Amino acid sequence: MRPPKKTIHVISSWIQRQPPKVKAFLAVVAGMVALVLLRAIVHDHDNLFIAAEAVHSIGITVLIYKLSKEKTCAGISLKTQELTAMFLAVRLYCSFVMEYDVHTLLDLSTFAATLWVIFMIRFRLKSSYMEDKDNFAMYYVAVPCAILALLIHPSTSHHIINRIFWAFCVYLEAVSVLPQLRVMQNTKIVEPFTAHYVFALGVARFLSCAHWVLQVLDSRGHLLTALGYGLWPSMVLISEIVQTFILADFCYYYVQSVFGGQLVLRLPSGVV
């Protein structure tokens, strides 16, 4: 007699059988439900942004543990780490000259940890770095982000250079994970610590996106006016939504893998 299937497995199997349009609809519904719950539970929505940065720091800590314990950087994208360091450095500069606060301290700790990860991959654990799999050209994301920042940036009273830098780090953060996704796409198998790290990035992106969406709703759109005029306010929201959906597919398979008791995450063809 077969044991009854777990509810999570039944739901997961049903979702997998649905066409892409239905999956997209379910993802949107799930996101809206999560936003409603966060709005009801978290009264100060600025805490969501702090939580996003904290979760990102936890993800980096997981990478540090992997590099220290297993002495290998296999499966980790050096290019994503370098892009992360790039947007954090620019955001730290903007924080120091525009709005020094608790976010600056969180970014500073994450930046220092990211630099350590880069150092370990480039020098201490270079022999295990999968350079052939980490083949996403950085200029594919860095150059378009720079051009977009020149064209669309805040219209606040800050110096034009600072406003362009601010826009650049927002755009670059949204796509900085693409090289890591390419590595996972090339290998198809993601070991636990790397999977935990990427999932942490996905959670951090969602919390950051929720922060902005709920802030706009709470202010009845006035926050968009405070950010400036033109296309910039819309681009901030679009960037947050893009970076959330980039990782949504991976997070789904990660949760499915965890509930299924699998230590190693195997990605189906077409994912990420």
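These numbers were taken from a predicted model, which means no experiment stands behind them.

Across its full length, the protein chain carries 11 helices and two strands. Its helices and strands in sequence order give the protein chain the pattern α-α-α-α-α-α-α-α-β-α-α-α-β, from N to C terminus. Within the protein chain, the fraction of its 272 residues that count as buried is 46%. A separation threshold of at least 6 residues defines the contact pool for the protein chain, and within that pool the share at least 24 residues apart is 77%.

All right, on to unusual backbone geometry then. Phi is positive for Lys-71, close to 55°, though the residue is something other than glycine. Following the sequence through the fold, Lys-71 ends up in the loop between helix H3 (46–70) and helix H4 (78–98). Its identity as a non-glycine residue notwithstanding, Lys-188 has a phi of 70°, on the positive side. With respect to the element layout, Lys-188 can be found in the loop between helix H8 (178–187) and strand S1 (189–190).

The final tally for this structure, using the stated rule, is five salt bridges. Here Lys-66 ties to Glu-70 by a salt bridge, and the two come within 3.7 Å at their closest N and O atoms. In this pair, Lys-66 and Glu-70 are both assigned in helix H3, four residues apart and thus about one turn of the helix distant. With a relative accessible area of 1%, Lys-66 lands in the buried category.

Side chains three or four residues apart in an α-helix point the same way, a direct result of the helix having 3.6 residues per turn. Along H8, the residues that are buried comprise Pro-179, Gln-180, Leu-181, Val-183 and Met-184. Buried residues in H8 make contact with H4, helix H7 (160–175), S1, helix H9 (192–218) and helix H11 (232–259). Following H8 by one or two positions, Lys-188 adopts a phi angle in the positive range, close to 70°.

Further remarks concern the environment of Ser-128. Locating Ser-128 in the fold gives a position in the loop between helix H5 (102–124) and helix H6 (139–151). Remark: the alpha-carbon pair of Ser-128 and Gly-75, spanning 53 residues in sequence, is separated by 9.1 Å. Those residues in contact with Ser-128, other than ones at most four positions away along the chain, are Thr-72, Cys-73 and Ala-74. Of the polar contacts made by the side chain of Ser-128, one reaches the backbone oxygen of Leu-125; its length is 3.0 Å.

Moving on: the nonpolar core. In terms of nonpolar packing, the biggest core is built from 55 residues, with Tyr-171 and Leu-247 touching the most fellow members. Only H3, H4, H5, H6, H7, H8, H9 and H11 provide two or more residues apiece to this core. The residues contacting Leu-247, other than those within four sequence positions of it, are Val-177, Leu-181, Val-198, Leu-201, Gly-202 and Arg-205. In this structure, Leu-48, Ala-52, Ala-200 and Ala-210 belong to the second largest nonpolar core, which totals eight residues.

Those residues carrying the UniProt feature "transmembrane region" (unreviewed entry) are residues 21–42, 104–125, 137–154, 160–181, 193–214 and 234–255 in this numbering. As annotated, residues 193–214 comprises 100% helix and 0% strand, and the C-alpha atoms at either end are separated by 31 Å. In residues 234–255, helix accounts for 100% and strand for 0%; the two terminal C-alpha atoms are 31 Å from one another.

Bringing the packing of H4 against H7 into the picture now. H7 packs onto H4 with a crossing angle of 145° between their chain directions and a minimal axis gap of 9 Å. Relative to H7, the crossing made by H4 is left-handed. Facing Leu-83, Met-86, Phe-87, Val-90, Arg-91, Tyr-93, Cys-94, Val-97 and Met-98 of H4, the residues of H7 in contact are Asn-162, Phe-165, Trp-166, Phe-168, Cys-169, Leu-172 and Glu-173. In the contact of H4 with H7, the residues fall into 13 nonpolar, one polar and two charged.

So, about the packing of H9 against H11. The contact between H9 and H11 brings their axes to 8 Å, and the two run at 140°. H9 and H11 meet at a crossing whose hand is left-handed. Along the lines of polarity and charge, the residues of the contact of H9 with H11 split into 17 nonpolar, five polar and two charged.

Definitions and cut-offs
Residues numbered from 1 in each chain as written. Predicted model: local features only at pLDDT ≥ 70, side-chain atom pairs only at ≥ 80, totals over all residues. Heavy atoms only, no water. Helix = DSSP H or I, 4+ residues; strand = E, 2+ residues; numbered from the N terminus. Buried < 20%, exposed > 50% of the residue type's maximum accessible area, 1.4 Å probe, protein only. Contact = heavy atoms within 4.5 Å. Salt bridge = Lys/Arg side-chain N within 4 Å of Asp/Glu carboxyl O. Polar contact = N/O pair within 3.5 Å; in protein donor to acceptor, adjacent residues only side chain to side chain. Core = buried A, V, L, I, M, F, W, Y, C linked by side-chain atoms within 4.5 Å. UniProt positions renumbered as here; feature names shortened; annotations may be inferred. Axes fitted to C-alpha atoms, helices over the stretch in contact; angles between N-to-C directions. Left-handed = near helix turned anticlockwise from the far one by under 90°. Nonpolar A, V, L, I, M, F, W, Y, C, P; charged D, E, K, R; others polar.

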